[in-house]
Amino acid sequence: MKCLICFEEIVAQVSWNQFLLPQRTRSICEGCTGKLKRIDQIGCPKCGREDAKEICYDCERWEQSDVYAGCLEKNVAVYAYNEFAKEIVAKWKYRGDFILIRAFAEAVQTTYHQHFCDVGADAVVIPLSGQRLLERGFNQSDAVIQLLGLDSHDFFTRRESEKQSKRGRRERMEAGNPFELMRGSSRPVLLVDDIYTTGVTVRHLAKLLKESGCPAVYSFTLFR
Amino acid sequence: MGKLLTRQEIPLSDEELQWYISEGYMESKIAIEKKRSRFTCKRCGNHKQYLFAAMPHAACQKSCVYCRNCIMMGRVMECEPLYRGSPHYTWPILENPCAWEGELTAEQQHAADEIVSAIEHGQSELLIWAVCGAGKTEMLFPGLTAALKAGKRICLATPRTDVVRELTPRLKQAFPHVSIQALYGDSEEKSGDAQLLISTTHQLYRFAYAFDVMIIDEIDAFPYHNDLSLKFASKRAAKIDACFLYLTATPRRQEKKRIHQKKLPSVFIARRFHGHPLPVPKLKLSPLLRKELANRRLPKTILQVIEAQQLGSRQLLLFTSTIDYAQLVTDILKPIYPAITSVHAEDPDREEKVRAFRNQEYSILVTTTILERGVTFPSVDVYVLDAGHVVFDEAALVQIAGRAGRSAHDPTGEVIYFHRGKTNAMLDAQEAIMRMNKRGQRP
């Protein structure tokens, strides 16, 4: 087996554990696992970032806004979005190397079960515009939901727009809501995405859901 | 014009594309070939099965195989064809393309003559083995002139982006009326439709049967040296009857063997353009280096050597084995020598820092092996920390030593390998340099 990220041969450590217990086959090597930073200790309870002690400045601003206050319960992220993660995301999402998502499988499943196992929320896909979906060939949000083995719910459509990652925070806030709700839900909802950067995307969606009578909106992302 | 592109790289509407195909200007090719359940990527030649993966493809609603080897150049998928542009295009015949007025030394002239004759007679291969700082670029000028006069299309491919950036202005100056483009990952020009292309070897994935003359610089360098798919791409990018010129200062065993068997025609230039010998590296034992670095210190002996060096007029190029060490060494030396900086492959400001160092804005530059070749600083001393590390093989050490004494004004420079025990690579490098100096002395 070769590492999905660095293509080095994966050498399993010989131990009693390995001898006695059934082993999962690993898709990435020790070195790459180490470079991905898991978020073990949640810093900000609102957005799930690690480098904060209480509610962070960004989230405070969200909660003071008239429009978005209280529309998102919380975000949970699996990994910190460090340089190494940026590289992988660039390759996975922008180059379209779909298979790289397997590198996150184990951690994503563990974190999901820790936080959302008993919430009973429906996993909702964040749509891409038609053009982008054709270019990329897959929807990253749907890919994460598939990885969790959940049913994905299509509640939204999206108007054509520029990439979020090419804009700053202010531009993102002012750009207006590119999403439209097709049908509401009376059950709690879990929005699944790849990265939580400013939180605009999930709040756009959360607001629409809340207005249509959804009891609670959570979000779950690979990176924060 | 001899390009091989995916659908997304072609800025045409579907109707326009169909028209080009029906008129015979382009043809579509299978992108990933499947034979007995083994895949081959028709763009990069990859046939390692672990570098293929399947994904649920939104466009065609089923699972499609794609190639992971060349994905950095855009994804090639099973269900999407590649489009090949016809290579039959008449390039202008230029009467007098070369504006360079410098003079070649007798040795350079000899090599240049060989190159011209190889190009004119359509010889299939020629290896130019020239020591570091022999003036390889200038030696190419007569050959390039001859090719341009015959209306040929030329590609100069090099493994490194830095080298493309350095060569382009020099060639544009020497050939002011020729269409010249630089192609690399982040280059501004992407079209690749000039008569003379200066490109990284990776960009060759996008060409098929396009060039009459293919010059490959530094054939012994990473990543070209041990990447079969880049060799495949460079072969495919050239026309069937193309002339391949290989440039190197440190040929690998494989090439040496072929030269020895007289299967690969070659020309050897043992003397630098200024006629002075290569600086011979000194070996200095520094057994505590790694231990001291672990404690965020440098051994006293090394500090003393650097101190003495900094009193002189030369700048210092300090090579380290890894990025972490480069940063660490910079942090250690910063309080003593504030005009210091470090570069490595992932450094976004690399280009800027190298330029600043060349303009003497820094007195010390700490670097990983990325600056081992192709770059010229006028007056530097070169030290290697932990020269026994595996990244420093013989070729790398010879190249590193070749950074010193490159200008005619300051043709010497001190090269020191600090090590924790001599390795074969160090001794071989030292010996190779001395042997070349000896050969260069002979008239």
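Residues numbered from 1 in each chain as written. Chains lettered and ligands numbered in written order. Predicted model: local features only at pLDDT ≥ 70, side-chain atom pairs only at ≥ 80, totals over all residues.

S.K.: Talk me through the overall build of chain B; I want residue IDs and the actual numbers.
M.R.: A tally of helices and strands in chain B yields 12 helices and 20 strands. What you see for chain B is a C-alpha radius of gyration of 24 Å, in line with the 22 Å of a compact globule of 443 residues. Looking at chain B residue by residue over its 443 residues, the buried ones come to 46%. Across chain B, contacts joining residues at least 24 apart in sequence account for 75% of those joining residues at least 6 apart. (Helix = DSSP H or I, 4+ residues; strand = E, 2+ residues; numbered from the N terminus. Rg over C-alpha atoms; globule rule 2.2 N^0.38 Å. Buried ≥ 20, exposed ≤ 12 C-beta atoms within 10 Å, placed from the backbone. Contact = placed C-beta atoms within 7 Å.)

S.K.: So what about the overall build of chain A? Which residues, and what values?
M.R.: In terms of regular secondary structure, chain A is built from 9 helices and 7 strands. The C-alpha atoms of chain A give a radius of gyration of 18 Å, which matches the 17 Å a tight globule of 224 residues would have. With the C-alpha coordinates aligned to their principal axes, the bounding extent of chain A is approximately 55 × 40 × 30 Å. Here chain A, with 224 residues, has 33% of them falling under the buried criterion. Sequence separation of at least 24 residues holds for 75% of the intrachain contacts in chain A that already meet a minimum separation of 6.

S.K.: Could you give an account of the sheet that holds strand 10 (residues 180-183) of chain B, naming the residues involved and the relevant values?
M.R.: Two modes of strand pairing occur in sheets, parallel and antiparallel, and in both the strands are linked by backbone hydrogen bonds. Residue and element names in this part refer to chain B. Within the open sheet, the 7 strands sit side by side as 10-11-9-12-13-8-14. Their pairing is parallel. Both edges of this open sheet fall to strand 10 and strand 14 (266-269), since each of them pairs with a single strand only. When the angles between neighbouring strand axes are averaged without regard to direction, this sheet yields 15°. Strand direction decides the pairing type here: strand 10 and strand 11 (residues 196-200), joined by 4 bridges, are parallel. Bridging from a neighbouring strand, alanine 182 pairs with isoleucine 198 of strand 11. (Pairing = 2+ DSSP bridges. Axes fitted to C-alpha atoms, helices over the stretch in contact; angles between N-to-C directions.)

S.K.: Account for the interface of chain B and chain A, with residues named and values stated.
M.R.: Facing the 12 residues of chain B at the interface are 12 residues of chain A. When the residues that make up the side of chain B that touches chain A are grouped by side-chain class, the tally is 8 nonpolar, 2 polar and 2 charged. (Nonpolar A, V, L, I, M, F, W, Y, C, P; charged D, E, K, R; others polar.)

S.K.: Residue-level account of the domain arrangement of chain B, with values.
M.R.: Residue and element names in this part refer to chain B. Looking at the assigned domains, one finds that chain B contains domain 1 (4-85), domain 2 (106-269) and domain 3 (282-432). Centre-to-centre, using C-alpha coordinates, domain 1 lies 28 Å away from domain 2. On the domain 2 side, the residues contacting the 10 residues of domain 1 number 8 residues. Within the side of domain 1 that touches domain 2, the residues separate by chemical class into 5 nonpolar, 3 polar and 2 charged. (Domains from an automatic or database assignment.)

S.K.: Lay out helix 9 (residues 200-211) of chain A in plain terms, naming residues and giving numbers.
M.R.: In an α-helix, one turn spans 3.6 residues, which is why side chains three or four residues apart end up on the same side. Residue and element names in this part refer to chain A. In this model helix 9 runs 17 Å from its N-terminal to its C-terminal C-alpha over 12 residues, within 8% of the 16 Å that 1.5 Å per residue would give. Every buried residue of helix 9 is accounted for by Val200, Thr201, Val202, Arg203, His204, Leu205, Ala206 and Leu209. Backbone geometry just downstream of helix 9 places glycine 213 in the positive-phi region, at approximately 100°. (Expected span 1.5 Å × (residues − 1).)

S.K.: Got a sec to walk through the domain arrangement of chain A? Specific residues and values, please.
M.R.: All names here are of chain A. One can read the domain layout of chain A as domain 1 (1-35) and domain 2 (39-223). When each unit is reduced to the centre of its C-alpha atoms, the spacing between domain 1 and domain 2 is 29 Å. Taken together, the 6 residues of domain 1 in the interface contact 7 residues of domain 2. Its residues placed into classes, the side of domain 1 that touches domain 2 shows 3 nonpolar, 1 polar and 2 charged.

S.K.: Just give me the short version of the nonpolar core, but keep the residues and values in it.
M.R.: Formed by 127 residues in total, the largest nonpolar core has its most connected members in Met214, Ile215, Ala237, Leu245, Leu318, Leu397 and Ala401 of chain B. Those residues in contact with methionine 214 of chain B that sit more than four places away from it in its chain are Cys155, Ala157, Ser234, Ala237, Ala238, Ala242 and Phe244 of chain B. Formed by 52 residues, the second largest nonpolar core is a distinct cluster that contains Val76, Tyr79, Ala123 and Phe138 of chain A. (Core = buried A, V, L, I, M, F, W, Y, C linked by C-beta atoms within 7 Å.)

S.K.: If you had to explain the pairing of strand 9 (residues 154-158) of chain B to someone new, which residues and values would you point to?
M.R.: All names here are of chain B. For strand 9, the buried fraction is high: 5 of the 5 residues fall into the buried class. Side chains Ile154, Leu156 and Thr158 project from strand 9 onto one buried face, and the interleaved Cys155 and Ala157 project onto a second face that is buried too. Here 5 bridges tie strand 9 to strand 11, and the two strands are oriented parallel to one another. Of the residues in strand 11, the one forming a bridge with threonine 158 is threonine 200. Bridge count between strand 9 and strand 12 (residues 211-216): 4 bridges; the pairing is parallel. What sits directly across from leucine 156, in strand 12, is isoleucine 215.

S.K.: Describe the packing of helix 5 (residues 105-116) of chain A against helix 7 (residues 140-148) of chain A, with residues and values.
M.R.: In helix packing, the relevant descriptors are the interaxial angle and the interaxial distance, both defined with respect to the helix axes. All names here are of chain A. At a minimum axis distance of 9 Å, the contact between helix 5 and helix 7 shows a crossing angle of 75°. Comparing the axis directions of helix 5 and helix 7 gives the class roughly perpendicular. Contacts between helix 5 and helix 7 pair Ala105, Val108, Gln109 and Tyr112 from the former with Val144, Leu147 and Leu148 from the latter. Across the contact of helix 5 with helix 7, the residue classes break down as 6 nonpolar, 1 polar and no charged. (Parallel < 35°, antiparallel > 145°, perpendicular 65-115°, else oblique.)

S.K.: Lay out unusual backbone geometry with the relevant residues and their values.
M.R.: Residues and elements named next belong to chain B. Phi is positive for arginine 36, which is not a glycine, with a value near 45°. By C-beta crowding, arginine 36 is classed as exposed, having 4 other C-beta atoms within 10 Å. Phi at glutamine 360 is positive, roughly 65°, even though this residue is not glycine.

S.K.: Account for the sheet that holds strand 2 (residues 26-29) of chain B, with residues named and values stated.
M.R.: All names here are of chain B. The strand order across the open sheet built from 3 strands is 1-7-2, with neighbouring strands paired in antiparallel fashion. The sheet is open, and its two edges are formed by strand 1 (4-6) and strand 2, each paired on a single side. Strand-to-strand twist across the sheet, computed as the mean angle between neighbouring axes with direction ignored, equals 30°. As judged from the 3 bridges shared by strand 1 and strand 7 (residues 82-85), these two strands associate in the antiparallel manner. Looking at the pairing, threonine 6 lines up with leucine 82 of strand 7.

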